[in-house]
Amino acid sequence: QVQLVESGGGLVQPGGSLRLSCAASGFTFSNYGMNWYRQAPGKEREWVAGITSVNAKTTYAEFVKGRFTISRDNAKNTVYLQMNSLKPDDTAVYYCNARQFTNYWGQGTQVTVSS
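Because the structure is predicted, anything quoted here is derived from the model rather than measured.

Chemist: What's the story with the environment of Phe-101 in this structure? I'm lost.
Modeler: Relative to the assigned elements, Phe-101 resides in the loop between strand E9 (92-99) and strand E10 (103-105). Spatially, the C-alpha atom of Phe-101 lies 29 Å from that of Asp-90, the residues being eleven residues apart in sequence.

Chemist: Would you mind going over the packing of aromatic side chains with me for this structure?
Modeler: What describes a pair of aromatic rings is the distance from one ring centre to the other and the angle between the planes of the rings. A complete count under the given rule lists four aromatic pairs for this structure. An aromatic cluster is present here, built from Phe-27, Tyr-32 and Tyr-104 joined pairwise through their rings. Over the aromatic face of Trp-105 sits the side chain of Arg-45, whose NZ or CZ is 4.7 Å from the ring centroid. Its guanidinium or amino end placed over the ring of Phe-29, Arg-72 lies 4.5 Å from that ring's centre, counting from NZ or CZ.

Chemist: Sorry if this is basic, but what is going on with the side chain of Asn-97 here?
Modeler: Structurally, the position occupied by Asn-97 is in strand E9. In this structure the side chain of Asn-97 is engaged in a polar contact, spanning 3.0 Å, whose partner is the side chain of Asn-103. One polar contact links the side chain of Asn-97 to the main-chain carbonyl oxygen of Tyr-104, over a distance of 3.3 Å. Residues in contact with Asn-97, not counting those within four places in the same chain, are Leu-4, Gly-33, Met-34, Asn-35, Tyr-37, Asn-103, Tyr-104 and Trp-105.

Chemist: Is there a simple way to explain the sheet that holds strand E8 (residues 78-83) in this structure?
Modeler: Consider a sheet: its strands pair through backbone hydrogen bonds, and that pairing is either parallel or antiparallel. Spatially, four strands are ordered E1-E3-E8-E7 in an open sheet, and the strand pairing comes out antiparallel. Strands at the two margins of the open sheet, each flanked by one partner only, are strand E1 (3-7) and strand E7 (68-73). Strand-to-strand twist in this sheet, taken as the mean axis angle between neighbours without regard to direction, amounts to 15°. Looking at chain direction, E7 and E8 are connected through six bridges and run antiparallel.

Quick notes on the rules
- Residues numbered from 1 in each chain as written.
- Predicted model: local features only at pLDDT ≥ 70, side-chain atom pairs only at ≥ 80, totals over all residues.
- Heavy atoms only, no water.
- Helix = DSSP H or I, 4+ residues; strand = E, 2+ residues; numbered from the N terminus.
- Phe/Tyr/Trp six-rings, centres within 6.5 Å; stacked < 30°, edge-to-face > 60°.
- Lys NZ or Arg CZ within 6 Å of the ring centre and 35° of its normal.
- Polar contact = N/O pair within 3.5 Å; in protein donor to acceptor, adjacent residues only side chain to side chain.
- Contact = heavy atoms within 4.5 Å.
- Pairing = 2+ DSSP bridges.
- Axes fitted to C-alpha atoms, helices over the stretch in contact; angles between N-to-C directions.

Shown next as C-alpha cells:
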C-alpha cells in the first residue's frame, strides 16, 4: 500500500523556519521524482519545489527561491522541505507528491505563518 506521510507543519512567526518531512512507503522511492505543493484557503494547489530521482536535481517556484530547500534521503525513503524566512503568504496546507508514471499524494500538513 502506497503511503506518503507529511509531518513538521505548525505555527511559526514571520521570519521563522520550519522543516517538513514526507516519509514514503509502498513503492520504490528512489525511482520517483518528488515534489512539494501547497494550497492556501480559497486558492488552487500550486507547485512549490521538486527534486529528480536520478541526480537529485532541484527546481523551485519563483516565490520560494532562496528561502526553501528541497532534499531527499533515499536510504530513509524521505523527502524534506526546509523553509526559511517564512512569510504570512506561505500559509497553506503543504502536500508531498511522488511522480513517475503515476502520481501519489500525501494527506498534507498545515503551515501557518502568523504573529
